[in-house]
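Here is how the chains run, residue by residue.
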Amino acid sequence: MKAALDRLAKRAAEEQLLDVAYTSTDSPFGPLLLAITPKGLVRVGLPNQDRDELLVELAERVSPRVLEAPAALDEARRELDLYFDGKLDSFDLPIDWSLSDGFRLRVLRQIARIPYGETRSYTEMARGAGNERAVRAAGTACGKNPVPLVVPCHRVLRSGGALGNYGGGAPMKEGLLRLEGVLDESPRG
Amino acid sequence: MWRISRSTHGQRLIHVVSALPPFQVLIDEHAGDVMAVLRGAVGREGADDCFQETFMAALRAYPSLEDARNLRGWLITIAHRKAIDYHRARGRRPVPVAEVAEVAVEGPEPSDDGIWLAVGALPPKQRAAVTLRYAADLPHREIADALGCSPEAARRSLHEGIKRLRKELA
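On a predicted model such as this, the values are computed, not experimentally measured, just so you know. (Residues numbered from 1 in each chain as written. Chains lettered and ligands numbered in written order. Predicted model: local features only at pLDDT ≥ 70, side-chain atom pairs only at ≥ 80, totals over all residues.)

On to the domain arrangement of chain A, then. All names here are of chain A. The domain boundaries assigned to chain A delineate domain 1 (2-84) and domain 2 (102-179). Here the C-alpha centre of domain 2 lies 24 Å away from the C-alpha centre of domain 1. Taken together, the contacts link 9 residues of domain 1 with 10 residues of domain 2. The dominant element in the side of domain 1 that touches domain 2, judged by the number of residues it contributes, is strand β3 (residues 40-45), at 4 residues. Here the side of domain 1 that touches domain 2 is composed, by residue class, of 7 nonpolar, 1 polar and 1 charged. (Domains from an automatic or database assignment. Contact = placed C-beta atoms within 7 Å. Helix = DSSP H or I, 4+ residues; strand = E, 2+ residues; numbered from the N terminus. Nonpolar A, V, L, I, M, F, W, Y, C, P; charged D, E, K, R; others polar.)

If you want it as structure tokens, here you go:
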């Protein structure tokens, strides 16, 4: 049955019927869900997020043609592995932004430009997206980031330097910042 | 799930929306049944190709599917049509000798294949009814839908098929 299903996924891709391909991959923080469309990476699910819910959301918002097809995500998986090993500081993956729009999309595009190992504040992100007073909305945009890690919302902190929230949980945000050398042994909390 | 919209006259329109699950869910839950149906309907040799055809056809049509309440029945119906296509194509084509030889060198078949061989030898309607009932566990009404006949006719085909199988296998 495995061979038959592999053949099916391959044929679906060839005949352009594979609208959303997904797979799971391991990370130091737990399993990640990766989903890609012909336009690019559309969703990264963090370990604490419900996999089935993410897939249902993709079916409703992108296309119901959602198939498990690990081969389509080989490059994304390779880059993430290197990133977690501290050997990659900038992702070279096309992103499909279709799950975000308006102010949120502008905030995410700002975040995508924060370099490895640096941090910015929510206020700076709000200003960059064109509305300095919309700090809370900028925070929401971070929380709803469909492609965390690759769009590094973990690099956005509160103005006072406190870490703030993270979709994958505060310990993961702390761990990522430590990996990038932003945090020393003791977190600023 | 419900969705409410407004008509051009401002009336509220309430639609029942049953969202389509990710296609992978259909594969995870029903691929085994579809394969079982196809093995019964066309035999082990043809089942793999029919399986591909079935799921490719389903994937193509899926986004425009309006009623998501019986996805299993929908898949089984497609599988049944693909099995008919398979038999038609073979009916027109002479079976090459090489194909017979290939069957002979294959490894031992699972024990219940004797039954499916007997099922494969039934007349088309009876074979379809028996497969849909026992491999796919479809109720009479859905067998009738798949075969394009009345539930009574489906019940009759099934009954005749089972009677014949009992005689063959006794």
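Once you've had a look at it, read on.
With their axes 11 Å apart at the nearest point, helix α1 (residues 2-14) of chain A and helix α1 (residues 23-61) of chain B run at an angle of 55° to one another. Here α1 of chain B runs oblique to α1 of chain A, going by the angle between their axes. Between α1 of chain A and α1 of chain B the crossing geometry is right-handed. Within the contact between the two elements, α1 of chain A uses Ala4, Leu5, Arg7, Leu8, Arg11 and Ala12 of chain A and α1 of chain B uses Ile27, Ala31, Asp48, Phe51, Gln52, Phe55, Met56 and Leu59 of chain B. Here the residues of the contact of α1 of chain A with α1 of chain B are counted per class, giving 10 nonpolar, 1 polar and 3 charged. (Axes fitted to C-alpha atoms, helices over the stretch in contact; angles between N-to-C directions. Parallel < 35°, antiparallel > 145°, perpendicular 65-115°, else oblique. Left-handed = near helix turned anticlockwise from the far one by under 90°.)

For the rest of this paragraph, the subject is the packing of helix α5 (residues 124-134) of chain B against helix α6 (residues 140-147) of chain B. All names here are of chain B. Running from amino to carboxyl end, α5 crosses α6 at an angle of 135°, the nearest separation of the two axes being 10 Å. Judged on the interaxial angle alone, α6 and α5 are oblique. In this structure, the crossing between α5 and α6 has a hand that is right-handed. Mapping the contact onto sequence places Lys125, Ala128, Ala129, Leu132 and Arg133 in α5 and Ile143, Ala146 and Leu147 in α6. Residue composition of the contact of α5 with α6, grouped by class: 6 nonpolar, no polar and 2 charged.

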